[in-house]
Amino acid sequence: MHLPFGVSAQTPAKGARPIFVLNSLDANVSVIDPLTFAERKRIPVGKEPHHLYLTPDEKSLIVANAVGDSLTFIDPVTAQVQRTVTGIVDPYHLRFSPDMKWFVTLANRLNHVDIYRWQPENAAEPLKLVKRIPTGKTPSHQWIDSKSSIIYASMQDSNELVAIDIATQSVRWRVPTGKMPADVYLTADDKFVFLGLTGDKFVEVYDVSSGPGKLVKRIQTGEGAHAFRAKGDKRHLFVSNRVANTVSLIDTQSMTVVSELPGPGGPDCMDLLADGKTLLLSSRWARKLTYVDIETKKVIRQVNVGRSPHGVWTLDHAPRQ
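Residues numbered from 1 in each chain as written. Predicted model: local features only at pLDDT ≥ 70, side-chain atom pairs only at ≥ 80, totals over all residues. Heavy atoms only, no water.

1. Focus on the sheet that holds strand β28 (residues 309-314)
Pairing within the open sheet is antiparallel, and its four strands lie in the order β3-β2-β1-β28. Lying at the two open borders of the sheet, with one neighbouring strand each, are β3 (39-44) and β28. Pairs of neighbouring strands in the sheet enclose a mean axial angle of 20 degrees, with direction left out of account. Examined bridge by bridge, strand β2 (residues 28-32) and β3 share five bridges and lie antiparallel to one another. Bridge pairing in β3 places Asn28 opposite Pro44. (Pairing = 2+ DSSP bridges. Helix = DSSP H or I, 4+ residues; strand = E, 2+ residues; numbered from the N terminus. Axes fitted to C-alpha atoms, helices over the stretch in contact; angles between N-to-C directions.)

2. Focus: the side chain of His50
In this structure, His50 sits in strand β4 (residues 49-54). Since its relative accessible area comes to 7%, His50 is described here as buried. Polar side-chain contacts of His50 include one of 2.8 Å to the side chain of His310. Among all residues touching His50, those that are not within four sequence positions of it are Leu22, Ser24, Ala64, Ala66, Tyr92, Arg284, His310 and Gly311. (Buried < 20%, exposed > 50% of the residue type's maximum accessible area, 1.4 Å probe, protein only. Polar contact = N/O pair within 3.5 Å; in protein donor to acceptor, adjacent residues only side chain to side chain. Contact = heavy atoms within 4.5 Å.)

3. Section: the sheet that holds strand β25 (residues 278-283)
Strand order in this open sheet of four strands is β24-β25-β26-β27, and the pairing throughout is antiparallel. For this open sheet the edge positions go to β24 (267-272) and β27 (298-304), each flanked by a neighbour on one side alone. Averaged over neighbouring strand pairs, the angle between their axes works out to 25 degrees when direction is ignored. In the sheet, β25 pairs with strand β26 (residues 288-293) via six bridges, with the strands oriented antiparallel. Residue Ser283 lies in a different strand from β26, and its bridge partner there is Lys288.

4. Describing the pattern of salt bridges
Scanning all chains against the criterion turns up 17 salt bridges. Asp33 is the salt-bridge partner of Arg40, the closest N and O atoms lying 3.5 Å from each other. Judged by relative accessible area, Arg40 falls into the partly exposed class, the value being 35%. As a salt-bridge pair, Arg235 and Asp251 come within 2.8 Å of each other at their nearest N and O atoms. Of this pair, Arg235 sits in the loop between β20 (225-230) and β21 (236-241) while Asp251 sits in strand β22 (residues 246-251); the two residues are 16 residues apart in sequence, bridging distant segments of the chain. Judged by relative accessible area, Arg235 falls into the partly exposed class, the value being 32%. Look at Asp251 and you get buried, because its relative accessible area is 6%. Taken together, the salt bridges that share partners define one network made up of Asp26, Glu39, Arg42 and Arg307. (Salt bridge = Lys/Arg side-chain N within 4 Å of Asp/Glu carboxyl O.)

Here's what the structure looks like:
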């Protein structure tokens, strides 16, 4: 039975908070025990869950069910479903603004970006749509700057980086990119956008400090450069190379690759455990959650999950910048 929104079951012992893996072709979420490395259970959600994000109060993990047009709220500690919000059109990628006022979704199939007002005190309507913005083809990933003023979004099939002004809720600028841009990462100083090119073997870097983004560097990483995860030191950035089956570590200051790790089975989304030493990968084509030791550069274990695992996340993670 689902618990009421905001109510949790008994909290497990400290250190036992679960790891969540979204099985996009099974419409469910694998819950992994971080101590035994066993799959505790699978949580049914909507069709094609791809990405997930924590609410500002850190009480709910939101799973975006793209084809299901819904959001599933899950307690990040107990792994209990809290509620499902329907009527959210094609929520492929999702993100909160740092000021906690706005919730943004990218409609990957329908070519638009939706801006919602976040109103958690309203149990009947926690998300209120305020603007639907037509964009380029196949909006893929996004990042919001530290001032909560600009949304940077990649357009996978029209090869563009688009900047959306949150105040005016309109496109501020768009620039052409390389092939099939995917994940977006903005440096902590809001100056540079890193963009993975899934249709190539590069990460592009754009200076966005003034006016439209200007391409300043193409960093060769590996075929199918796709998703990012910061190391937590505000300097280094992991990128999963889905086709090359590797993970590259980029120094964002020198804009060079400084290390390479294994990434078996088509690496996609990543998370970094709080110890700063263990990288979690969703091995998309192998139906595995893969653990990689950063220091030894070796795969240390794999856990069976569902079909086409995508988003991976745990509350016990390293900083995200």
